[in-house]
Amino acid sequence: MRVEVFTFLVAGAICVGGALGVVLFRNPVHNALSLVATLFGVAVLFIAQEAYFLAAIQVIVYAGAIVILFLFVIMLLGVDQAEAIERDPFRLRRTITVLGGAVLLAGSVAILLAAGQRTTGREAATAPLDPAVPDVERLGRAIFTDYVFAFEITALLLTVAVVGAVVLTRRSTGTPIDLEEFPDGSAYDVWVSDHPGALVDEDTADADADADGEDGSGDDATDTGDADGQDDESADSEVTS
Amino acid sequence: MSGPSVLAAALQDVLIEPAPGFEVPSIDWAGIAPNLILMLGSILLLTVVSVLKRRVPSWFAPVWTISAAVAAGCAVVPLWQRFADTGPETLVGGAVGLDGFSLFATVVVCIAVVFVALLLADYLPRESLESPEWYVLVLLSASGAVTMASADDLIVLFVGLEILSVAAYVMTAMHRRRVTSQEAGLKYFVLGAFSSAFLLYGIALTYGATGSTNLAEIQAFLAGDVVTQNALLLGGLAFMLVGLGFKVGAVPFHSWAPDVYQGAPTPISGYMAGAVKLGAFAALLRVFVVAFGPAYRQEWQPLVAVLAVLSLVVGAFAAISQTNVKRMLAYSSINHAGFILLGVLAASAAGTESALFYLLAYTFMAAGSFAVVTVVGRTGEHRQSLEDYRGLASVRPGLALVFTVLLLSQAGVPLTVGFLAKLYVVTAAVESGFDWVAVVAMLTAVVSAFMYLRIVATMYFADAPEGAPALRIPAATGVALGLSVVGVLLLGIVPGPVSDWANEAVAQLVVAAP
């Protein structure tokens, strides 16, 4: 077996194994660590393609920075909290999902197998690159010539992400006003456990909602709310105010 | 030689002088001016409000947004002149197309931005949600839509789609006091990210099969070569169709649409129906009709036909059984997506024109309809069910009349723009030999007309419930309602200038000069 094929198979197995781990493990920390395996496998594949710079970046940025950030977030949220994933109660839907996934997987594999040796008729896509030009330079050229516009507007995407993250993590004022649309009442309990201390604003929130004259959830809110909200109230009241 | 000039010369050598054999593409700033105005508008707004904080008056952000959109729309005029004089061009190293198609789409996006800014100006104070980030995100997502509509490269298209979608996810979830809004935002985000992965996989397979991500190069490659083993290319096409089909809300990738339209703040629902749909359809037209059209039409047309028929039927029939008006409009937007897919399906110049005209028409209809839902929903958006529209005509005759006109237009009644839009797409589909799809489309138009008339009948022939809180139509919302009705009627009665304009707005690909 040629060494490239061997490397590819090993790295590919690491990638796929890691990806399966991301999906299948129940503990979020294990999921994040499996992601490292996938990213590492991709880095090895980059090395096999002689893209050393990309491989280094892959390890430093993804495995080094991004997954660590994931782990921070998971740890900060608390590992136990993320256990509340329920199975889809509709058996039919679950079956359809599994079947659909299987068909998709089979289709993707079939596409790759049918492609065989020659898929494009375009030799340059698979021909070896000129070893005289280092890969950093090659990457720089690609980014600043053909892909300069895509590269620059990525900044816009990051801006959207930052604005979105800031906006959505800002604490809301007052109780939710549409809890009556969730008749089983579970939405309220979830909301209270997510927003300890927010009940301080209860009075003003009710005043707002009652101006509309039909806020039915106000009373239940105070009843159920105190039990869950009380212990954390003192700790978080500063954040809300 | 003095010190500074030596330094400047040295800097020039190091920084500005490119390496030998390294040709940086020239960036035609004038050519991408509309998009730049939207981008800079959002960034400047963000900077100004974060520096001045509370000292910025509340009217500033909406006025700024509308000005930016109008300015971007005006910037299209000289570019259109340039296009008319010298023909289509490709800019920034083959990444951005400057043709009638992208310019027309830009104008439609700007119109959608004006509408959403007018609606948000009243909606945000009413819901105590005032913050300038809404307008920043609107402008950013508009820039994403323009980027998609003018993308000549699949990577640019993908980044544009992400800018557009991520902003839309955030805006959907931004009603912090409605749990439904946050649920919708999360749902939209998870499913949207999933569909983006499909699109990206499709792009990767296409790149593998054709050796390029540039649409013009893909087109040229497929025109010049016969791919003997085309499984990779077909897989790429199919996956890209899934990714873009999700964004346009085509059945069977529509499941997010009703929940998201219902949960999102109503002005944002209108914006999604206008600009987000437009961006995705523009991408669909550019990739499938233009890049893959000549060589691979036979392969993708059956798939699009299935999507179109399913969207038409499911959109029409599911809308009937709804009792929530916002959900009805969501399902009707799926039905409209089916109609626009007819224009894509035609894979002809006429099809592209008719799809663009439909998108323009639908932007007006959706903005106006969701404006009515915003007003009737009242503070907290509790009143969205059909019951709440009972007797609207006796309480607010003007509002009921406006809604009636908009609904009749959506149903496709003559003298409104909806009729012409439907006529054009159906004609285009028949001309390309898809008579049976056109027949299905017309039948579903009848079915969905029943749903629209049901809302109209509820407004006019049912008694108003006792003790409902008063209905206020704020000034800016009133302007938006007026604009949408004027647009719908004007385009319906005198479509000539705009449809002529759309006739020239066919996407063309130009291979970048090496």
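The structure displayed is predicted, hence computed values, not measured ones.

Draft legend 1. Here's a closer look at the overall build of chain B. When helices and strands are counted, chain B shows 20 helices and 2 strands. Its C-alpha radius of gyration of 23 Å places chain B within 12% of the 24 Å reference for a compact globule of 514 residues. For the C-alpha atoms alone, the extent of chain B along its principal axes is close to 85 × 60 × 40 Å. Within chain B, the fraction of its 514 residues that count as buried is 63%. As displayed, chain B offers around 17700 Å² of accessible surface, 68% of which is attributable to carbon and sulfur atoms. In chain B, 22 positive and 29 negative side-chain charges are present, and the distance between their average locations comes to 17 Å.

Draft legend 2. Just the packing of helix α13 (residues 325–346) of chain B against helix α14 (residues 349–377) of chain B, in detail. Residues and elements named next belong to chain B. Where α13 contacts α14, the axes come no closer than 8 Å and their chain directions differ by 170°. On the basis of their axis angle, the class for α13 and α14 is roughly antiparallel. Across from Val325, Lys326, Leu329, Ser333, His336, Phe339, Ile340, Gly343 and Ala346 in α13, the residues of α14 making contact are Gly351, Thr352, Ser354, Ala355, Tyr358, Leu359, Tyr362, Met365, Ser369, Phe370 and Val373. Counted by class, the contact of α13 with α14 contains 12 nonpolar, 7 polar and 1 charged residues.

Draft legend 3. How the structure looks around the environment of Phe60 of chain B. All names here are of chain B. Within the element layout of this structure, Phe60 appears in helix α3 (residues 60–86). For Phe60, a relative accessible area of 18% translates into the label buried. The sequence separation of Phe60 and Val49 amounts to 11 residues, and the corresponding C-alpha distance is 9.3 Å. Leave out the neighbours within four places in its chain, and Phe60 touches Leu45 and Val48.

Draft legend 4. Inspection of the interface of chain B and chain A at higher detail. Facing 61 residues of chain B, the contacting portion of chain A comprises 46 residues. Both faces combined, the contact of chain B with chain A buries some 4700 Å², and carbon together with sulfur accounts for 67% of it. For the chain B face of the interface with chain A, the top three residues by lost area are Arg176, Arg177 and His382 of chain B, together amounting to 18%. Summed over the shared surface of chain B and chain A, the number is 1 salt bridge. A salt bridge links Glu133 of chain B to Arg170 of chain A; the nearest nitrogen and oxygen atoms lie 2.8 Å apart. Taken together, chain B and chain A are joined by 4 residue pairs in polar contact (both at pLDDT 80 or more). Taken together, the elements giving at least two residues each to the side of chain B that touches chain A come down to α2 (33–52), α5 (133–149), α6 (154–172), α7 (179–210) and α9 (231–248) of chain B.

Draft legend 5. Structural context of the packing of α6 of chain B against α7 of chain B. Residues and elements named next belong to chain B. Where α6 contacts α7, the axes come no closer than 9 Å and their chain directions differ by 175°. Comparing the axis directions of α6 and α7 gives the class roughly antiparallel. Where α6 abuts α7, its residues Leu154, Leu157, Phe158, Leu161, Glu162, Ala168, Tyr169 and Thr172 lie against Ser181, Ala184, Gly185, Tyr188, Phe189, Gly192, Ala193, Ser196, Leu199, Leu200, Ile203 and Thr206. Among the residues making up the contact of α6 with α7, the classes are represented as 13 nonpolar, 6 polar and 1 charged.

Draft legend 6. How the structure looks around the packing of aromatic side chains. All names here are of chain B. Summed over the entire model, instances satisfying the criterion amount to 21 aromatic pairs over all chains. When the centroid spacing of 5.6 Å and the interplanar angle of 85° are considered together, the rings of Phe115 and Phe364 count as edge-to-face. Linking Phe115 in helix α4 (residues 100–126) with Phe364 in helix α14, this pair joins segments that are 249 residues apart in sequence. A relative accessible area of 12% means that Phe364 is categorised as buried. When the ring of Phe288 is compared with that of Phe292, the centres are 6.4 Å apart and the planes differ by 50°; the resulting orientation is tilted. Summarising the burial analysis for this pair, Phe288 and Phe292 share the class buried. Through pairs of rings, three or more aromatic residues link up here, namely Tyr169, Tyr188, Phe189, Phe246, Trp256, Tyr261 and Phe370. One cation-aromatic arrangement involves Lys422 over Phe339; the distance from NZ or CZ to the ring centre is 4.6 Å.

Reading the values: rules and limits
Residues numbered from 1 in each chain as written. Chains lettered and ligands numbered in written order. Predicted model: local features only at pLDDT ≥ 70, side-chain atom pairs only at ≥ 80, totals over all residues. Heavy atoms only, no water. Helix = DSSP H or I, 4+ residues; strand = E, 2+ residues; numbered from the N terminus. Rg over C-alpha atoms; globule rule 2.2 N^0.38 Å. Buried < 20%, exposed > 50% of the residue type's maximum accessible area, 1.4 Å probe, protein only. Areas by Shrake-Rupley, 256 points an atom, 1.4 Å probe, with all protein chains shown as cover. Lys, Arg positive; Asp, Glu negative; His and termini not counted. Charge placed at Lys NZ, Arg CZ, Asp CG, Glu CD. Axes fitted to C-alpha atoms, helices over the stretch in contact; angles between N-to-C directions. Parallel < 35°, antiparallel > 145°, perpendicular 65-115°, else oblique. Contact = heavy atoms within 4.5 Å. Nonpolar A, V, L, I, M, F, W, Y, C, P; charged D, E, K, R; others polar. Buried area = accessible area lost by both parts, 1.4 Å probe. Salt bridge = Lys/Arg side-chain N within 4 Å of Asp/Glu carboxyl O. Polar contact = N/O pair within 3.5 Å; in protein donor to acceptor, adjacent residues only side chain to side chain. Phe/Tyr/Trp six-rings, centres within 6.5 Å; stacked < 30°, edge-to-face > 60°. Lys NZ or Arg CZ within 6 Å of the ring centre and 35° of its normal.

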